[in-house]
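The lines below spell out each chain.
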Amino acid sequence: MAGQGRQLALVTGASSGIGFELARCCAENGFDLLVVADEPQITEAAEILRASGGRVDAVEADLATVEGVDRFLAAANGRPADALLANAGRGLGGAFLDQKFDHIRRVLDTNVTGTLYLLHKVGRTMRERGSGRILITGSIAGFMPGTYQAVYNGTKALLDSFAFALRAELKDSGVTVTCLMPGATETDFFERADMLDTKVGTQKKQGADEVARLGFEAMMKGDGDVVTGWNNKLRAAIAHLMPSGALAELHRKEAGPGTAKEGAERGPSHPARR
C-alpha cells in the first residue's frame, strides 16, 4: 500500500548515476518511489532505496519504446504522480558518419521520443489535477555543437529548449517544470559512450550526488532551471558568447577520439546511458 500522506515520485534511469541519486533525494524527503531502468540493476537500486523507509517499486523497461513507457506507467496502478523526474538518457561518442545508425536511433528514441511521450502522458494528468512537479535532465551540452557527440548534444539542445517552453505553457497551472543542466558528471556515462580515450572522459567531474541534490532542490522550489557547479556555469556563459564554429572546435578538442593523455586506442561506439 502507498505510504500514508506520502507523495509519489516517478524517476527514470534510476539504476545508477544521477537518476539513482535523484531517487535517493526523493526517498529521503518523504516520497514513495516508482523507478525504472532498462537493466536488471534497477532491482538492486530499489533495495538500497527502500532503506529510507518509503515504498519503492521497480520496473525494468525500455523507455526508448512507447510500450516500455506504458509498462512503466501501468506499474503505478492508477496512483497519480506528484513528481516526475525524467532523467533516462543515452550518450554516443565518435564521429557521426562512423556510428551505426541503429545506435544513433537508440539515442534519439531514448532521449527524445520516449522522454517526450512520458512527459506528455504524465504532464496531462498533472495539469488536470492542477498540481505536480516535473524535472527534466537536460545538459549544458545542449548549448554547444557536439563535435564527436553530435547526436547526443542535439538531443540535449532539444530537451533544454523544450523544458523552458513546457514551463511557459504550464504557467499558473499548478505544475512546475525544472530543467537540470549538469556538465560532465562522475557516472559510467563516458564508459558506456566509449569515450574513455577523450579529454572530457578522463578529466575530473562533478559528483552525481551533488548534481542530483541541486536538481532536486530546484525542483522543490519550482525553479525553471539549474546549471550545476561554477565551472559549468562558466561554460554555459561562454557558450552563449562564442560563435558556433569556435564552440564546435572547442568541443572537438575535448571529445575527439584520442584526446586523452593516455591516447588509448578507440574501439567501436555503443550507445550509453547517462
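In this text, all values refer to a predicted model and were calculated from it rather than measured experimentally.

Draft legend 1. Fine view of the sheet that holds strand 3 (residues 56-60). Within the open sheet, the seven strands sit side by side as 3-2-1-4-6-7-10. Their pairing is parallel. Lying at the two open borders of the sheet, with one neighbouring strand each, are strand 3 and strand 10 (225-227). Going from strand to strand, the sheet's axes swing by 15° on average, the running direction of each strand aside. Both strand 6 (residues 132-137) and strand 7 (residues 175-181) contribute to a ladder of six bridges, which runs parallel. Of the residues in strand 7, the one forming a bridge with T137 is L180. The strands that helix 2 (residues 41-49) touches are strand 2 (31-37) and strand 3; relative to strand 3, the one it contacts most, it runs at about 170°. Of the strands in this sheet, strand 2, strand 4 (83-86), strand 6, strand 7 and strand 10 touch helix 8 (residues 208-221), which is tilted by about 145° from strand 6.

Draft legend 2. Just the environment of Q7, in detail. The topology assignment puts Q7 in strand 1 (residues 7-12). Owing to a relative accessible area of 38%, Q7 belongs among the partly exposed residues under this scheme. Beyond its immediate chain neighbours, meaning those up to four positions away, Q7 contacts G30, F31, D32, R79 and D82.

Draft legend 3. Inspection of empty space enclosed by the protein at higher detail. Overall, the coordinates contain two cavities of 30 Å³ or more when judged by the stated rule. One number sums up the size of the second largest cavity: a volume of about 50 Å³. Along its surface, the second largest cavity is lined by T12, L63, V69, A86, A88, T110, G114, T115 and L118. For the lining of the second largest cavity, the element with the highest residue contribution is helix 4 (residues 101-129), accounting for four residues. Split into classes, the residues belonging to the lining of the second largest cavity amount to five nonpolar, four polar and no charged.

Draft legend 4. Focus on the pairing of strand 7. Burial within strand 7 is extensive, with six of its seven residues counted as buried. Pairing geometry for strand 7 and strand 10, over three bridges, is parallel. By the bridge assignment for strand 10, M181 is matched with V227.

Draft legend 5. Region of the structure containing the environment of L116. Residue placement: L116 occurs in helix 4. Residue classification places L116 among the partly exposed residues on the basis of a relative accessible area of 27%. The spacing of L116 and L159 is 43 residues in sequence and 8.9 Å in space, taken between C-alpha atoms.

Draft legend 6. Geometry of the side chain of D82. The topology assignment puts D82 in the loop between helix 3 (66-74) and strand 4. Looking at D82, the relative accessible area reads 15%, which means it is buried. Polar side-chain contacts of D82 include one of 3.5 Å to the side chain of R129. When near neighbours in sequence (up to four residues on either side) are disregarded, D82 contacts Q7, L8, F31, M126, R129, G132 and R133.

Draft legend 7. Region of the structure containing the nonpolar core. Ranked by internal contacts, the top residues of the largest apolar core, which has 31 residues, are L10 and F72. Discounting residues that sit within four places of it in the chain, F72 has contacts with L10, V11, T12, L34, V35, V36, V59, L63 and L118. Of all hydrophobic cores here, the second largest spans 30 residues; its members include V11, F31, L33 and A37.

Conventions adopted
- Residues numbered from 1 in each chain as written.
- Predicted model: local features only at pLDDT ≥ 70, side-chain atom pairs only at ≥ 80, totals over all residues.
- Heavy atoms only, no water.
- Pairing = 2+ DSSP bridges.
- Helix = DSSP H or I, 4+ residues; strand = E, 2+ residues; numbered from the N terminus.
- Axes fitted to C-alpha atoms, helices over the stretch in contact; angles between N-to-C directions.
- Contact = heavy atoms within 4.5 Å.
- Buried < 20%, exposed > 50% of the residue type's maximum accessible area, 1.4 Å probe, protein only.
- 1 Å grid on protein atoms, 1.4 Å probe; cavity = no way out; pocket = protein on both sides within 12 Å on 5 of 7 lines; lining within 4 Å.
- Points joined across faces, edges and corners; volume = space filled by probe spheres on them.
- Nonpolar A, V, L, I, M, F, W, Y, C, P; charged D, E, K, R; others polar.
- Polar contact = N/O pair within 3.5 Å; in protein donor to acceptor, adjacent residues only side chain to side chain.
- Core = buried A, V, L, I, M, F, W, Y, C linked by side-chain atoms within 4.5 Å.

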